[in-house]
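One letter stands for each residue in the lines below.
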Amino acid sequence: MLKIAIIGAGISGLSQYLWLRKAGLLNDHSVTIYEARETQDHTATAAANPETYNASVIGASIGLSPTGLHVLRRLDQDLYDEVLRTGHIIQTWRMSNARGWTLVNVPAGGENEIMVMIGREACCQILRNRVPDEVVVRRKVIDVKLAEGNNRPALVFQDQKVEEFDFVIGCDGIWSRTRRAMFGAQDQDQYEFSPHYEGLVGVGGFVPSSKIQGTPDGEMNAVLGANGFFGYGYTTGNPQDSSKAGDTATWWSTYTLDKCPDDWRNIDKDDVKKQLQERHLGWQNIVIQDIVRDVEVDSLYPTFITPLLPTWEKGGCVLVGDAAHALQPSSGQGASMALEDCEALALLLSHYVQGDLDGGLAKAAKQYSDLRRPRLGMVYKKAQQLAGMKQDMGIVQEMLMYFFIWLFSRLKVTEGYMRKLNLYDVPTEVSKVIGQAD
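Residues numbered from 1 in each chain as written. Predicted model: local features only at pLDDT ≥ 70, side-chain atom pairs only at ≥ 80, totals over all residues. Heavy atoms only, no water.

Peer 1: Please clarify how the overall build of the protein chain should be interpreted in this entry.
Peer 2: Assigned secondary structure in the protein chain consists of twelve helices and 21 strands. A compact globule built from 438 residues would reach a C-alpha radius of gyration of about 22 Å, and the protein chain, at 21 Å, matches this within 12%. If one aligns the C-alpha atoms of the protein chain with their principal axes, the spans along those axes are about 65 × 45 × 40 Å. Burial analysis of the protein chain (438 residues in total) assigns 57% to the buried set. Counting only contacts in the protein chain whose residues sit at least 6 apart along the sequence, the fraction spanning at least 24 positions is 76%. When the accessible area of the protein chain is evaluated, it comes to approximately 18500 Å², of which 49% is carbon and sulfur surface. (Helix = DSSP H or I, 4+ residues; strand = E, 2+ residues; numbered from the N terminus. Rg over C-alpha atoms; globule rule 2.2 N^0.38 Å. Buried < 20%, exposed > 50% of the residue type's maximum accessible area, 1.4 Å probe, protein only. Contact = heavy atoms within 4.5 Å. Areas by Shrake-Rupley, 256 points an atom, 1.4 Å probe, with all protein chains shown as cover.)

Peer 1: How do you make sense of the sheet that holds strand β19 (residues 300-305) when you look at a structure like this?
Peer 2: The strands making up a sheet are joined through hydrogen bonds of the backbone, oriented either antiparallel or parallel. Read across the sheet, seven strands follow the order β6-β5-β14-β15-β18-β13-β19 without closing on themselves; strand pairing throughout is mixed. The sheet is open, and its two borders are formed by β6 (102-107) and β19, each paired with just one other strand. Ignoring strand direction, the axes of neighbouring strands in this sheet form an average angle of 20°. Here helix α6 (residues 269-280) sits on the sheet in contact with β13 (196-208), β15 (228-234), β18 (248-256) and β19, set at roughly 85° to β18. This element, helix α7 (residues 286-294), spans β14 (219-225), β15 and β18 of the sheet and lies at about 90° to β15. (Pairing = 2+ DSSP bridges. Axes fitted to C-alpha atoms, helices over the stretch in contact; angles between N-to-C directions.)

Peer 1: Whenever I open this one, the environment of V433 confuses me. Can you help?
Peer 2: Tracing the backbone through its elements, the reader meets V433 in helix α12 (residues 426-437). A sequence separation of 370 residues divides V433 from G63, and the C-alpha atoms of the two residues are 28 Å apart. In contact with V433, other than residues within four places in its own chain, are Q367 and L371.

Peer 1: Please explain the sheet that holds strand β3 (residues 61-64) as it appears in this structure.
Peer 2: The strand order across the open sheet formed by three strands is β3-β7-β4, and the pairing between neighbours is antiparallel. Two strands close off the open sheet at either side, each with one partner strand: β3 and β4 (88-90). Direction aside, the axes of adjacent strands within the sheet are offset by 30° on average. Pairing of β4 with strand β7 (residues 115-119) involves three bridges; the strand directions are antiparallel.

Peer 1: Quick question: what am I supposed to make of the side chain of E340 here?
Peer 2: For E340, the location among the structural elements is in helix α8 (residues 334-352). Side-chain polar atoms of E340 contact the side chain of T67, separated by 2.7 Å. When sequence neighbours within four positions are dropped, the list of residues in contact with E340 reads T67, V71, R372, R375, Y424 and V426. (Polar contact = N/O pair within 3.5 Å; in protein donor to acceptor, adjacent residues only side chain to side chain.)

Peer 1: I'm lost on the packing of helix α3 (residues 77-86) against helix α4 (residues 120-128) in this one. Help?
Peer 2: Packing of α3 against α4 leaves a shortest axis separation of 10 Å and a crossing angle of 155°. By the angle between their axes, α3 is roughly antiparallel relative to α4. Like other packed secondary-structure pairs, α3 and α4 cross with a definite hand, here right-handed. Contacts between α3 and α4 involve L79, E82, V83 and T86 from the first element and A122, I126 and L127 from the second. Counted by class, the contact of α3 with α4 contains five nonpolar, one polar and one charged residues. (Parallel < 35°, antiparallel > 145°, perpendicular 65-115°, else oblique. Left-handed = near helix turned anticlockwise from the far one by under 90°. Nonpolar A, V, L, I, M, F, W, Y, C, P; charged D, E, K, R; others polar.)

Peer 1: Would you mind going over the environment of D356 with me for this structure?
Peer 2: In this structure, D356 sits in the loop between α8 and α9 (357-387). Non-local contacts of D356, meaning those with residues more than four positions away in its chain, are made with L361 and K363.

Peer 1: Sorry, what's going on with the pairing of β14 here?
Peer 2: Every regular strand shows the same layout, with side chains that alternate between the two sheet faces. The buried count for β14 comes to seven of seven residues, which makes it a mostly enclosed element. Of the two faces of β14, both are covered, the one formed by E219, N221, V223 and G225 as well as the one formed by M220, A222 and L224. Pairing of strand β5 (residues 92-97) with β14 involves six bridges; the strand directions are parallel. Residue pairing in the sheet places M95 in a bridge with A222 of β14. Two elements, β14 and β15, share six bridges in a ladder whose sense is antiparallel. Across the sheet, M220 pairs through a bridge with G233, a residue of β15.

Peer 1: Would you mind showing me how to read a nonpolar patch on the surface here?
Peer 2: Together, W101, I395, V396, M399, L400, F403, F404, W406 and F408 make up a nonpolar patch on the protein surface, roughly 860 Å² of accessible area in all. With respect to the helices and strands, the residue V396 is situated in helix α10 (residues 395-411). According to the relative accessible area criterion, V396 is exposed, its value standing at 58%. (Patch = residues over 30% accessible without salt bridge, like charges linked within 9 Å, V, L, I, M, F, W, Y side chains within 5 Å. Salt bridge = Lys/Arg side-chain N within 4 Å of Asp/Glu carboxyl O.)

Peer 1: Before we go on, may I ask you to explain the packing of aromatic side chains in this structure?
Peer 2: The way to describe two aromatic rings as a pair is by their centre distance and the angle between their planes. Overall, the coordinates contain ten aromatic pairs when judged by the stated rule. Ring centres 5.9 Å apart and planes at 55° place the aromatic pair Y197 and F304 in the tilted group. Note that Y197 is positioned in strand β13 and F304 in strand β19, a separation of 107 residues in sequence. Using a relative accessible area of 19% as the deciding quantity, one classes Y197 as buried. Ring geometry for F229 against W252: centres 6.2 Å apart, planes inclined by 40°, an arrangement best described as tilted. Linking F229 in strand β15 with W252 in strand β18, this pair joins segments that are 23 residues apart in sequence. Three or more aromatic residues joined by ring pairs make a cluster, and in this case those are Y34, F157 and F165. Over the aromatic face of F165 sits the side chain of K3, whose NZ or CZ is 4.8 Å from the ring centroid. Looking at R139, its charged tip hangs above the ring of F157, at a distance of 3.7 Å from the centre. (Phe/Tyr/Trp six-rings, centres within 6.5 Å; stacked < 30°, edge-to-face > 60°. Lys NZ or Arg CZ within 6 Å of the ring centre and 35° of its normal.)

Peer 1: I keep staring at the pattern of salt bridges and nothing clicks. Help me out?
Peer 2: Counted according to the given criterion, the structure contains 24 salt bridges. Between E163 and K3 there is a salt bridge whose closest N-O contact spans 2.8 Å. In this pair, E163 sits in strand β11 (residues 162-164) while K3 sits in strand β1 (residues 3-7), placing the two residues 160 residues apart along the sequence. Each member of the salt-bridge network shares a partner with another, and the members are K3, R139, D159 and E163.

Peer 1: How should I be thinking about the environment of R99 in this particular structure?
Peer 2: Relative to the elements of secondary structure, R99 occurs in the loop between β5 and β6. By relative accessible area, R99 is classed as partly exposed at 36%. Along the chain, R99 and N285 lie 186 residues apart, while their C-alpha atoms are 7.9 Å from each other. Discounting residues that sit within four places of it in the chain, R99 has contacts with Q284, I395, E398, M399 and Y402.

Given below as structure tokens:
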């Protein structure tokens, strides 16, 4: 029997457990999730929990793109249905600018697809409700030891106790201790693959849907300007029809800040609100003006991302989700890529550990890393391009940005990328990898 540890009870860790169960691995093997915070606390913010801070979270909401939704549907139809009921189905992205011009309307999920906007904690709760309480153990991991020689991988806990496992799945977020261990950086604040600040900061949160009254159901708004970006849309659905708006909307603002604030977890709320108002009250958008006039700001979200990693596995450990690939929020793909990771790893483990436990683990981990890294490289590159549109710029750059957004839409420049993104099918890709290896 294999003894498997999952570090982190966020979206990645909970989804990974559910996929291991779906793949039949819990029939013969034990899996435990270790989480640093109170397992009942599903309202703690990223600022209070830097160990599990997720770079894809701005305004405490996440977008689930078509492939992420397909993963959830394959995992559990009831779970998928609950996500759709709880969040809001998005069909269109409306891109406009601070001058009040509409630039383009694009299908949210590509042709014949949808995406869902949902509160991060609401999504976590839906997943958590399907994981037995005894599986999630409140125990903080302070170090990870890789397998070496006859020693299996091990976790070092806050009480200094050390426990060995056959396999460790690091779902421990952007500040991943599993990643540190893989690249020999346990005692270093900065190392080659540590998260780095991207020069952008975000603020955001939730407001009553009445604040964005007049916004059509199923529409997310992305508003670009010379001094930043502002997004807003519904994040809950009507209980009777999730394609209709519910009671809650989300908003977020992203802007340039060359140096990351030293104490960004403890902000001067009044000062941040004042800066938000100075930045956006002049924008020709009545929804934005209404939000920033009255909003209370609770948290600041500096944009940290990780470089592309040369491997996601080493020494009996693998990385999943933000631990492997903390993307720019502009990708809109952070949560969905994590869900794809979870399904791919579970399917590979299910195939390879039959009859060959130790060798199977190593094969599955290697195949997983080799399969997933090229796809994330594609998404990473696109996200970096999109992030440039949120930087401060002069009027010439601003007008050129608007022109090229309009032109690229007319020429359908991004259709190839969206098609490649949305047609990806995890079971098919895993089957190809297994077929080639066998």
